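# Understanding the architecture of this molecule
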Amino acid sequence: MDTENFLLQVKSLHAGYGPTRVLHGLDFGVVRGGVTALLGANGAGKTTTLRAISGMVRISGEILFDGTPISGLATEAIAARGVAHVPDGRGTFMELSVEENLRLGAYTKRGDPRPDMERMFGYFPKLKQRFRQQAGTLSGGEQQMLAIARALMLHPRLLLLDEPSFGLAPLIVREIFAIMRQIIAAEGTSILVVEQNASLALAIAERAYLLETGRIVMSGLAADIRKDEAVRRSYLGY
Amino acid sequence: MDAFLHQLFSGIATGGIYASVALALVMIYQATHHVNFAQGEMAMLSTYVALTLIQAGVPYWIAFVLTVGASMIVGIGIQWLVLRPLEKAPVLASVGVFIGMLLMFNSVAGWIFSYTLKPFPSPFGEGPPMLNGLFSRHELGSTGVTLLVLTAVWAFFRFTRLGLAMRAAAFNPISSRLVGVPVAKMLALGWGLAAGIGAVAGMMVAPVVFLDPNMMAGVLLYAFAGALLGGITNPLGAVVGGLLVGVIENLGGAYVVGTELKLSMALVIIVVVLVVKPSGLFGKTLASRV
Amino acid sequence: MHAHITRFGPLLFIVLAAVLPLAFASGYQLFQLTLVVAYALSVLGLNLVTGYNGQVSLGHGAFYAVGAYVTAIMMDRWDVPYWATLPVSAVVCAVFGFLLGMPALRLGGVYLALTTFALAVAVPQLLKYKLIDGWTGGVQGITIIKPDAPYDLPLTSDQWVYLFSLAVGVLMFALASNLVHGRIGRAMVAIRDQPIAAEAMGIDIARFKTLTFATSAMFTGIGGSLAAIAVQFVSPDSFTVALSVTFFVGMVIGGAASIWGAVFGALFIEFVPNIADHLSKAAPGAIYGVILIAFMFLAPGGIASLLRRWFARLAVK
């Protein structure tokens, strides 16, 4: 694992909440300009891993972002370095309008956010219709779109996505992942996506890691993992 | 009829003061779910600062601006030094600290400035009443100032990047951090703003009630009632609630219960709101924060 | 050693509290100690609802006032003997607390603090209100006569009132101690610390909180009654918001959620202002404020927790 190929390098990452340890020494990397998937069942530690990267939980171990350590930085400082994080539950500012949600996404960027907003409306035309509406009144799918758009407003170098398919109807999920493909192609952002729905994630990912009870049990190219017999049986269900 | 209108307008003038303090309370409540019981005493101390400056020969409006600025800085300092460490403490601890500050500020003011009532100048002059005698000059001027301040605060929250970030930090601190908003600084700034608004309210009410260390006790109580009436989670509601309480207090005092029971009206308003519509006129229905 | 302290400590304390002042205290000192008992009961009442149950009240001075006025009115108007006024005062205060607690406690948290604070501010005005001044004596208040010792006991009036108050105090403290160490006390603490779990266990939280509030008002009201008997006088301006705040200060500094904390708190609020008053009129408030904040940061459990730590260290040695 080297800085040249991996934008984010994580080395022997331990983390937990209070006395409960959740992660027991993870080593992984997020490929530059591509999608890396973190798979695993409920409670495997996927969300905690993302929180650890964003400085939301106490950790030990090393996290290098573009070769520089970011562990120990405040969450807002990590965001300011170009790490956008769509948390579990999407983190929508329910009381604020769609426009204000997007403006907040660009908080760390000086200058007029409107051109970026227009670009987001290119990906998500529905958001344009809902521009002045309170974000809490949006449907689940629309809120997920808003969350991704909000994160992209930061011009992130690394985008962390926590379960983008969670709680959405399959049709909506397909729509969102189709848009995500466009975004990946157009923006060149490196993405770390966490998913329970392994087949979806493997379809867009370049590399993947499989997490079980806080440990990485398998890693490799997404294409290889997709072919793996054991993974297929336990996570892909066919 | 004229007497009635006079009471009504006079109620709006005091209501503006309650509205300001109610707004200050709601701003802090929204962000931290703390009710700042020391908000009134902070405003009272600010007013003494203004009086000291004016007596030292500083022109009124310069003293006004200096006082608001100093109050904001002190407000930020208090949040940073005293309240930030208590962010996750139980209600009892935060109430304890607020009551402690209330007692301290009150005594410090008494110690330095004595407990005697002091006249406080009005920048609008003593002159004859205006608008057919419905408004005294000070009532008109102070209503103007409070409305101006409230509008400015609204515009700040509505149209500026910082105002938006402060609202976001209050609503959803976790997401705010994730988009890069320094939430702790926003809370401190909110305290600063609340202290500044309180200072204006103190300087506007002092010419009417005279300045003494207990000047703001009644105002704070009516502001509580106003904040609850409007909905403690809604800043605009707090302003409307504060104005309504001012009018209710004045009309009630003049025509219903008499002046001896004026303060009890705040209690009645609070209890009625809690029984009839706990979320207030404009607040969202809220779950019990047990 | 430690076990002996917990078992015989209270008993020893009661005997000493009864005997020593009779032997050594002057009339005025006895009066002060009687007030300490009254304050201790009031702080204990507040402690039940705020310390144990987690519902912050800033208006317990109101219940103290109601208790004091019930006793004064009954003694003054109907010549009811002082001791017979206590049960009535208890019932009246409990009902009053129940009615006030109902709306405010449904919402919990800071709403109760706000409502009770408003109540505390309104109390003097309400007591002066002209429709009831035939009973309350309006601004003038009511003067009552201090009871003498019964059965020709060789005690002065001050000594007797102190002993009587101490007996009532001990009884009420025993009652409170049983309450908080039993099933009800566990439920009170559960509601404070784990409201969701408490609800899941089948505790009707709103009803329970309201009943706790009523009980708490009752304790404080009895404190008010004892104070009225000792002071021989009630008037609206002795029951300002400052009194409620004083109880709050006493509760926090003595030790929230501690039976003994109420005693320490009462000693604190009776004697510290007397000492501080010599410095300046502003000193008691400033000292209260500083000590209150200092305790919140350094010893949130109050004097009781400091002593507990100290005893524990002694026991280890």
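Residues numbered from 1 in each chain as written. Chains lettered and ligands numbered in written order. Predicted model: local features only at pLDDT ≥ 70, side-chain atom pairs only at ≥ 80, totals over all residues. Heavy atoms only, no water.

Here the focus is the interface of chain B and chain A. With 21 residues of chain B at the interface, the matching set in chain A holds 23 residues. Regarding the contact of chain B and chain A, the summed buried area is about 1,900 Å², with carbon and sulfur atoms giving 65% of it. Three residues, Arg161(B), Leu178(B) and Val179(B), lead the burial of chain B against chain A; their summed loss comes to 37% of the area buried on that side. On the surface where chain B and chain A come into contact, there are 2 salt bridges. (Contact = heavy atoms within 4.5 Å. Buried area = accessible area lost by both parts, 1.4 Å probe. Salt bridge = Lys/Arg side-chain N within 4 Å of Asp/Glu carboxyl O.)

Residues and elements named next belong to chain A. Taken in spatial order, the 4 strands of this open sheet run E2-E1-E4-E5, and their pairing is antiparallel. The open sheet has two edge strands, strand E2 (20-31) and strand E5 (68-69), and neither has a second partner. In this sheet, E2 lies alongside strand E1 (residues 6-17) in antiparallel orientation, the contact comprising 9 bridges. When the sheet's bridge partners are listed, His-14 is paired in E2 with His-24. (Pairing = 2+ DSSP bridges. Helix = DSSP H or I, 4+ residues; strand = E, 2+ residues; numbered from the N terminus.)

Let us look at the interface of chain C and chain B. Taken residue by residue, the interface counts 44 residues in chain C and 42 residues in chain B. Roughly 3,900 Å² is buried in total at the junction of chain C and chain B, and carbon and sulfur atoms are behind 81% of that figure. Connecting chain C to chain B are 0 salt bridges. Taken together, the connections running from chain C to chain B amount to 2 residue pairs in polar contact (both at pLDDT 80 or more). Broken down by secondary-structure element, the contributors of at least two residues to the side of chain C that touches chain B are helix H4 (82-107), helix H5 (110-128), helix H11 (241-254) and helix H13 (283-298) of chain C. In terms of residues, the side of chain C that touches chain B owes the most to one element, H5(C), which gives 12 residues. Across the side of chain C that touches chain B, the residue classes break down as 32 nonpolar, 8 polar and 4 charged. (Polar contact = N/O pair within 3.5 Å; in protein donor to acceptor, adjacent residues only side chain to side chain. Nonpolar A, V, L, I, M, F, W, Y, C, P; charged D, E, K, R; others polar.)

Residue and element names in this part refer to chain A. Packing of helix H6 (residues 140-152) against helix H7 (residues 170-187) brings their axes to within 10 Å, and their N-to-C directions diverge by 20°. For the element pair H6 / H7, the angle class is roughly parallel. Helix-helix and strand crossings are classified by hand; for H6 and H7 the assignment is right-handed. Of the residues in H7, those touching H6 at Gly-141, Gln-144, Met-145, Ile-148 and Leu-152 are Ile-172, Glu-175, Ile-176, Met-180 and Ile-183. Of the residues contributing to the contact of H6 with H7, the split by class is 7 nonpolar, 2 polar and 1 charged. (Axes fitted to C-alpha atoms, helices over the stretch in contact; angles between N-to-C directions. Parallel < 35°, antiparallel > 145°, perpendicular 65-115°, else oblique. Left-handed = near helix turned anticlockwise from the far one by under 90°.)

Our next topic: the sheet that holds strand E3 (residues 35-40) of chain A. Residues and elements named next belong to chain A. As summarised here, the arrangement of the 6 strands in space is E6-E7-E8-E3-E9-E10, forming an open sheet in which the pairing is mixed. Since the sheet does not close on itself, it has two edges, and those belong to strand E6 (83-86) and strand E10 (215-221), each with one partner. Between one strand and the next, the sheet's axes are offset by a mean angle of 15°, whatever the strand orientation. Note that E3 and strand E9 (residues 207-212) share 5 bridges and pair parallel. In the sheet register, Thr-36 faces E9, and the bridge partner there is Arg-207. Against the sheet, H6 touches E6 and strand E7 (158-162), its axis set at about 170° to E6.

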